[in-house]
Structure formats: structure tokens, C-alpha cells
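Fold and contact review
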Amino acid sequence: DTFPKGKEEEEEGAAGAGEEGRESTARFEVLCSMDGRNRFMDLDRGKNVYGSYYHVREPETIVLEDIKGFEDFEDCARNWNKKHVCLRKPLMRRRVKEGLKENYVAAMTPETMPEILIHSSSRRSGPMNEPPCVKRDLMTCLDWSWMFSFLRGQNFGSIKDVILLCGTRNGLHPSKYEDVDQLIVQVKGRTRLLLIAPQHSFTGLYPYPIHHPYDKYSMVDFEAEDEENKELWPSFGEGARGVECILEPGEVLYVPQYFFVQRHDLDEEVVALRVNVSRGRRIRSEDAVPLQISRLLEERVSELESVREAHHWLSIIAYGEESEWIDTSTVRGHRRIKFVESVYEEVESNLGKGNLPSFLTAVVDRRLMPTPWLNKKEFREPLYLLDKPFTLQDDRSSLEKKFPELFRS
């Protein structure tokens, strides 16, 4: 047997109350859709800083901190009507040490298996005790021999992590890309998936900026009316094309890195595994290069100037107006000139000469700007520092205005 069983499982379970056990439980996440749409958009709380340029005041999806175990999640999923939940739980994760980074490139073998994060001993107590069957099923129900053979045959590296995904009927996960290759293993229920190649990133999908809390998501709401999308995202209807499939139990779907994926759960109970794998010796996809360069440039310009100025400076470079905005006699001007040179070098070396204006124009089109549609609800500043003044209409009669003292109550 390649994997630990029996006594070894019990020993790992007994150690689960230690540091690794606490880390495993801390990663148990239950997402809740608050607006009744049964739509789950995973917000990056580290980027959603109060007062920041892209701050989202009331996210439509929140993380329920009070739900600590599978039983609590199952109870909420079955009994809640107005709110809907889905679960995300890491089951395995590769811990890379400095001397073992080559394992991400080497072919997948049992020796490079990720570390299991589930501790299944019955001696553990508390609401976070995972069912013992989860680890057993993970080791026995998946065809790991086929997995090793597939990854080696396709020149992938090692498995980075395995994540458990659970949802309910009509749960919608909007279009989002990941920077790793994925294998989606359908365990229970059916899921409809829409895949869109990264070549459509700036010709119809309008991805959120890298510093936005919804980074990696498409700004386009695929469920909105055509007229609304045509007004907000004019290139979406004509510039974006995808492939749809329905994944049934026992099937595996390979999703290349930077592919946009929208998931729609079709059955009452849907369970899947997302296996993230390193690129290994595979050649990068040319279709994903523009998206990668965009993320790099957004990061650089924000470090040099600020997140608020990213749109401004990339637009200046796109239209060739940097000489009108940069004072080369100053230290800051020298830094800006060096940045402009690096932008030209990066774009032309990867996309070819002469493509910089069209590429940067597409990158800044309706992007790198505030996203007010995410904060439509009425909101009053808690400290009343940013409230706008308002006037009450004077509806008194002429007599009331002339003799106010006679009308006082």
C-alpha cells in the first residue's frame, strides 16, 4: 500500500490536537449568500481594507465564523431557506521547504504526495472533529494510480493541494480564474461548468484589478440582462466565447491555469474535489500571457505611484503622452521614465513590437477604476465626516412664515 492506513491513521489522529490539527480546523470555511441570489463570490478580506480605493462595504457573500464542523454545515444547508451556504475545506497541502522546491517540477510520485490535513482519530473531541470516513474515502475512493500516470504523462509537477467543495442546488460561483492548473473531480451530484479561455480577458470579460477584493473574478454579471451588460461591458456579447459541460459523479475535468470558470450546482447535494497541480515542465500558454503581463504591470505601477493612479499612468503610456507628464529633471521623473521603459520592454518582448498601445488600451478600458455598483445600498458614514449636506423643504404657509410665534406648539 502506498498510503498510510490502520495504526498509522490512529497515530496521526492522536497528533491532530496539536499545531497541525488547529491549522486544519482554522481553514474550514463556510460561505453564505446574504442577498438571496444563492451566488457565492469569495472576497479577499486582506484587500478589502476600510477606506481603500476598492473597498466593498457590504459583500454579498460572507464567511460564517460560527459554523465549525460538517454537521453544522449540513444542518444549515438543509434547513435555511432565505440564506444559502457552501463549504470549502482543504484536505491536503504540499508544504515546500527550501531544499525541496524541485518537487514542484519533478514528476508526481507517492513520495511527493501532499500532506494530509485531516485527523480522523476518535480521541479528538469538540465541534471541529471531522468524520473519520473523509480521510479513508480520500485515500481509497480516488484512483491515485491513474492520477500519478496522468500527471507524469502530461509533464505536470506535484500536487499542490486538494480542496473539498460542497454545495446545494442552484449554487452559483461566478466566473473566476486561478493561476494554477486544476483537476475538478466530481464526487456527488452534477455541476454545470462554463469555461472561457484567457484570450478573452480583455476582449469581453473585464477582470477585476489585482488590488480589488474580487481579484481574479470577471466584472461581468453573466446572469444580468443583455441590455445592462451591453451598456456596462460593450465587448462582452461579441468578444467572449466559452465551452459548457456538465460534470457527473466519477468524471474529472482538467482546467488550465488562467481559464475563467463559472460553476453552477444542479442537484440538492453536490460534492467535488479541486486538485491544484504545479505546472512542472509544461510550456506556458500563449493565450494567458496578456493576463499575466497585466497583473505584473498593475502591481508595478501601484508600487511606484498608487492604486488610485494606476489607470492614469497606464493610460498615459498607452497614448504615448509620457513626455508631457514626466519631469525628467527630478528623481521621481527619472523613476517614472525607467518604469515606462520597463513597460515597453515587458510588452514588446512578450507580445511583439507595436502591440503596446492596443494592449494597454484594452487593459485600462473600464478597469482600474472604482466599482460603485458593488456599494448600491444607502450608507451613512459612521463618523459623519463624509456626509453630503441636505436641505429640508420649507412647507409652511405665508402666515406661518410671517407670524411663526403664533404657530408654535
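All values derive from a computational prediction rather than experimental measurement. (Residues numbered from 1 in each chain as written. Predicted model: local features only at pLDDT ≥ 70, side-chain atom pairs only at ≥ 80, totals over all residues. Heavy atoms only, no water.)

In this section: the overall build of the protein chain. On a plain count of helices and strands, the protein chain comes out with 14 helices and 12 strands. Buried residues in the protein chain amount to 45% of all 409 residues. The contacts in the protein chain between residues at least 6 apart in sequence include a share of 80% that link residues at least 24 apart. (Helix = DSSP H or I, 4+ residues; strand = E, 2+ residues; numbered from the N terminus. Buried < 20%, exposed > 50% of the residue type's maximum accessible area, 1.4 Å probe, protein only. Contact = heavy atoms within 4.5 Å.)

This next bit is on the side chain of D42. Assignment of secondary structure puts D42 in the loop between β1 (29-33) and β2 (61-63). Here the side chain of D42 touches R88 through a polar contact of 2.6 Å, side chain to side chain. Excluding residues within four positions of it along the chain, D42 makes contact with L31, R88, K176, P213, Y214 and Y217. (Polar contact = N/O pair within 3.5 Å; in protein donor to acceptor, adjacent residues only side chain to side chain.)

A cluster of nonpolar side chains, L399, F403, L406 and F407, forms an exposed patch at the surface whose accessible area comes to about 410 Å². With respect to the helices, strands and loops of the structure, L406 is situated in the segment after α14 (398-402). The class for L406 is exposed, based on a relative accessible area of 63%. (Patch = residues over 30% accessible without salt bridge, like charges linked within 9 Å, V, L, I, M, F, W, Y side chains within 5 Å. Areas by Shrake-Rupley, 256 points an atom, 1.4 Å probe, with all protein chains shown as cover. Salt bridge = Lys/Arg side-chain N within 4 Å of Asp/Glu carboxyl O.)

Tracing the sequence through the fold places S315 in helix α10 (residues 310-318). From its side chain, S315 meets the backbone oxygen of H311 in a polar contact 2.7 Å long.

Moving on, we get to the packing of aromatic side chains. Taken as a whole, this structure holds 12 aromatic pairs when the rule is applied. Between Y206 and W233, the aromatic rings sit 5.1 Å apart at their centres with planes inclined by 45 degrees, giving tilted as the arrangement. You can see Y206 sitting in the loop between α6 (201-205) and α7 (226-232) and its partner W233 sitting in the loop between α7 and α8 (236-239), a full 27 residues away along the chain. Grouping residues by exposure puts Y206 and W233 together as buried. By way of ring pairs, the aromatic residues W146, F150, F156 and Y254 are connected into one cluster. (Phe/Tyr/Trp six-rings, centres within 6.5 Å; stacked < 30°, edge-to-face > 60°.)

What follows concerns the environment of Q186. Within the secondary structure layout, Q186 lies in strand β7 (residues 181-188). Taking C-alpha positions, Q186 is 4.8 Å from P249, a pair spaced 63 residues apart along the chain. The residues contacting Q186, other than those within four sequence positions of it, are T191, L247, E248, P249, G250, E251, V270, V271 and A272. Side-chain polar atoms of Q186 contact the backbone oxygen of K188, separated by 3.5 Å.

Mean pLDDT for the protein chain: 82, with 80% of residues reaching 70 or above. No element of the protein chain has a lower mean pLDDT than helix α1 (residues 7-14), which averages 38, and none a higher one than strand β8 (residues 191-196), which averages 96. Across residues 1-26 the pLDDT falls below 50, and counting only partners more than four positions away or on other chains, this stretch makes 40 contacts in the model. Within the model, pLDDT remains below 50 along residues 119-129, and this stretch shows 31 contacts once partners closer than five positions in the same chain are excluded. (pLDDT = per-residue confidence, 0-100.)

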